[in-house]
Amino acid sequence: TKFDAGFQFGLFDDRLTGEFAYYNTNLTNLIINRPLPSSMGIPGNSITANAASMYNRGIEFTLNAKVIEKREFSWSASFNITTQKNEVTALAPGVTEIIGTTQLERTNITRVGIPIGSFFVVRSAGVDPATGRRIFLDAQGRKVYFNFAEPVATRWRYEDGSVAPPISLAADGQVAGSALPTAYGGFINNFYYKGFDLTIDAFYSLGNYVYFGSRAGMLDQRFWNNFQEVKKRWTKPGDVTNIPRLVYNDNISNGSAIPMDINLFKADFLRIRSLALGYTISAKAAEKLNLGSVRFYVQLLNPILITSYPGVDPEISVNGNNALTPGVDRNTVGQARTVTVGLNV
């Protein structure tokens with residue numbers, strides 16, 4: 001059920017045009033697994049049912065401008081932005097949450113009242129400078145020190161040294177941000193000058209997070225390569241760092257076994273999606289060659305990416321377009337940069 005309201009405008013003989021709109025989309029009867037009593041004899045004790053709902057709402061703004069219009073030179077530009085608020089409003093009866101699972105870990109959660117596929121992680125309070133142990137925070141915010149080198153029964157300890165219950169996602173996990181941007185959009189510039197044409201197409205995204213699962217895997221201490229970040233690890237008492245001491249086979253301290261907030265990063269970015277430069281020979285020159293037109297061009301796809309995200313590409317997810325597990329970068333290949341040279345005759 002969709003509601004839209006807005007207006008269009010044109011100024012200065014339509015040299016400047018645009019559109020402003022508000023949208024509110026309510027999605028109901030979404031398909032979800034609905035649990036059933038085992039006494040009913042249904043395989044898996046659940047059926048798929050049209051039982052969930054959520055909404056998307058925000059504003060959209062577009063501005064188009066004919067900046068310069070001369071006989072031999074012109075410049076036109078377009079800019080747009082869309083804001084987005086998503087919230088789950090209902091799940092199936094008997095379903096309080098859905099935990100999304102990626103290749104190796106459970107990283108996302110869907111609950112009523114939060115955006116779909118929000119990140120679900122345990123918290124860290126850094127590394128103990130005296131011992132190099134990872135410090136976790138439990139559900140009550142108490143510090144729990146972890147030492148993989150100790151026996152399983154005593155690996156987890158409170159600050160006073162007493163044994164603590166093991167940290168787990170089910171007991172201590174916290175909702176920690178959304179993979180959905182709060183605003184996104186793009187802008188395009190087109191230039192023409194004496195047969196030359198240049199197009200710059202850019203896209204941006206703001207307010208979303210990405211879970212950098214590759215970092216978690218490449219900082220655990222099993223027998224494979226590490227990120228260079230491991231060089232910043234704790235090595236002696238007094239070291240202040242967020243990489244704990246090395247203990248062979250420790251796949252917990254850096255978030256490989258349990259998703260941790262240390263691997264969740266803001267993923268704002270600005271990407272130049274396309275740069276295209278072309279030249280079209282004059283009509284007279286084409287006529288002398290008995291041709292209708294001739295155009296040379298060079299195009300670069302994804303040539304520039306500006307972001308603080310430390311991974312390869314903030315715009316990718318190992319789970320593709322799966323709505324329940326978005327924004328997870330786990331051994332994911334980034335978008336290629338491509339150069340194309342062409343001739344149209």
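Residues numbered from 1 in each chain as written. Predicted model: local features only at pLDDT ≥ 70, side-chain atom pairs only at ≥ 80, totals over all residues. Heavy atoms only, no water.

Asks: How should I be thinking about the overall build of the chain in this particular structure?
Replies: The number of helices and strands found in the chain is three helices and 21 strands. Radius of gyration (C-alpha) of the chain: 27 Å, far over the 20 Å computed for a compact globule of 345 residues. Seen through its C-alpha atoms, the chain measures out along the principal axes to roughly 90 × 55 × 40 Å. Put simply, the chain has 345 residues, and 39% of those count as buried. A separation threshold of at least 6 residues defines the contact pool for the chain, and within that pool the share at least 24 residues apart is 61%. Accessible area for the chain stands at about 18,700 Å²; split by element, carbon and sulfur atoms hold 57% of it. The average position of the 33 basic charges and that of the 28 acidic charges among the side chains of the chain differ by 4 Å. (Helix = DSSP H or I, 4+ residues; strand = E, 2+ residues; numbered from the N terminus. Rg over C-alpha atoms; globule rule 2.2 N^0.38 Å. Buried < 20%, exposed > 50% of the residue type's maximum accessible area, 1.4 Å probe, protein only. Contact = heavy atoms within 4.5 Å. Areas by Shrake-Rupley, 256 points an atom, 1.4 Å probe, with all protein chains shown as cover. Lys, Arg positive; Asp, Glu negative; His and termini not counted. Charge placed at Lys NZ, Arg CZ, Asp CG, Glu CD.)

Asks: Even after reading the chapter, I still don't get the pairing of strand β7 (residues 106-111), so can you show me in this structure?
Replies: The two faces of a sheet get side chains in turn, since along a regular strand they alternate between them. Relative to β7, strand β6 (residues 97-101) runs antiparallel, the two sharing five bridges. In the strand pairing of β7, Gly 100 is matched with Asn 108. Relative to strand β8 (residues 118-121), β7 runs antiparallel, the two sharing two bridges. Residue Ile 109 lies in a different strand from β8, and its bridge partner there is Ser 118. Between β7 and β8, which pair antiparallel one after the other, the connecting turn spans six residues, and Gly 113 there sits at a positive phi close to 100°. (Pairing = 2+ DSSP bridges.)

Asks: Where do I start with the sheet that holds strand β9 (residues 123-127) in this structure?
Replies: Two pairing modes exist for strands in a sheet, parallel and antiparallel, and in both the strands are linked by backbone hydrogen bonds. Ordered by their spatial adjacency, four strands build an open sheet running β9-β10-β11-β12, and the pairing between neighbours is antiparallel. Either end of the sheet is taken by a strand with one partner, and the two such strands are β9 and β12 (156-158). Across this sheet, the average inter-strand angle for adjacent strands is 35°, counted without regard to direction. Both strand β10 (residues 134-137) and strand β11 (residues 143-146) contribute to a ladder of four bridges, which runs antiparallel. Each bridged residue has a counterpart across the sheet, and for Arg 134 the counterpart in β11 is Phe 146. (Axes fitted to C-alpha atoms, helices over the stretch in contact; angles between N-to-C directions.)

Asks: What is the right way to look at the sheet that holds strand β16 (residues 209-212) in this model?
Replies: Pairing is mixed across the open sheet formed by three strands, whose spatial order is β17-β16-β20. Each having just a single partner strand, β17 (264-266) and β20 (328-329) make up the two edges of the open sheet. Relative to β20, β16 runs parallel, the two being bridged by two bridges. Within β20, the residue paired with Tyr 211 across the bridge is Val 328.

Asks: Teacher, can you tell me more about the packing of aromatic side chains here?
Replies: The relative placement of two aromatic rings is captured by the distance of their centres and the angle of their planes. Under the defined criterion, the tally for this structure stands at 17 aromatic pairs. When the centroid spacing of 5.9 Å and the interplanar angle of 45° are considered together, the rings of Phe 203 and Phe 269 count as tilted. With a gap of 66 residues between them, Phe 203 in strand β15 (residues 196-206) and Phe 269 in strand β18 (residues 269-280) connect regions that are remote in the sequence. Here the two residues Phe 203 and Phe 269 agree in accessibility, since each one is buried. Here the aromatic cluster, defined as three or more aromatic residues joined through ring pairs, consists of Phe 7, Phe 9, Phe 20 and Phe 61. If you follow Lys 266 out to its NZ or CZ, it ends over the ring of Tyr 209, 5.8 Å from the centre. (Phe/Tyr/Trp six-rings, centres within 6.5 Å; stacked < 30°, edge-to-face > 60°. Lys NZ or Arg CZ within 6 Å of the ring centre and 35° of its normal.)

Asks: How should I be thinking about the environment of Val 67 in this particular structure?
Replies: Its location among the elements puts Val 67 in strand β3 (residues 46-69). Other than its neighbours up to four places away in sequence, Val 67 contacts Arg 15, Trp 75, Ser 76 and Ala 77.

Asks: When you look at the nonpolar core in this model, what are you seeing that I'm missing?
Replies: Burial of nonpolar side chains together is a common tendency in soluble globular proteins. Judged by nonpolar contacts, the single largest core of 18 residues is most densely connected at Val 122, Phe 136, Val 144, Phe 146, Trp 156, Ile 167 and Ile 252. Where this core is concerned, the elements lending two or more residues are β11 and β12. Ignoring any residue separated from it by four or fewer positions in sequence, one finds Phe 136 in contact with Val 122, Arg 123, Ser 124, Arg 142, Lys 143, Val 144, Phe 146, Trp 156, Ile 167, Ile 252, Ser 253 and Met 260. Listed in part, the eight residues of the second largest apolar core include Ile 32, Ala 52, Met 54 and Leu 91. (Core = buried A, V, L, I, M, F, W, Y, C linked by side-chain atoms within 4.5 Å.)

Asks: Explain the pattern of salt bridges to me, please; I cannot follow it from the model alone.
Replies: Inspection of the entire model under this criterion finds 17 salt bridges. Notably, a salt bridge pairs Arg 157 with Glu 150, separated by 3.4 Å at the nearest N-O pair. Residue classification places Arg 157 among the partly exposed positions, given a relative accessible area of 22%. The shortest N-O distance in the salt bridge between Arg 295 and Asp 197 comes to 2.7 Å. Separated by 98 residues along the polypeptide, Arg 295 in strand β19 (residues 295-307) and Asp 197 in strand β15 bring together distant segments of the chain. Where salt bridges share partners, they join Arg 71, Glu 72 and Lys 194 into one cluster. (Salt bridge = Lys/Arg side-chain N within 4 Å of Asp/Glu carboxyl O.)

Asks: Help me out: how do you make sense of a nonpolar patch on the surface in this one?
Replies: Among the surface-exposed residues, Tyr 193, Phe 196, Leu 277, Tyr 279, Leu 289, Leu 291, Phe 296, Leu 343 and Val 345 lie close enough to one another that they form a single nonpolar patch of about 880 Å² accessible area. Along the chain, the position of Phe 296 falls in strand β19. (Patch = residues over 30% accessible without salt bridge, like charges linked within 9 Å, V, L, I, M, F, W, Y side chains within 5 Å.)

Asks: Is there a simple way to explain the environment of Ser 74 in this structure?
Replies: For Ser 74, the position within the fold is in strand β4 (residues 73-83). As for Ser 74 and Lys 194, which are separated by 120 residues in sequence, their C-alpha atoms are 9.8 Å apart. Residue contacts for Ser 74: discarding those within four places in its chain leaves Ile 68, Glu 69, Asn 190, Phe 191 and Tyr 192.

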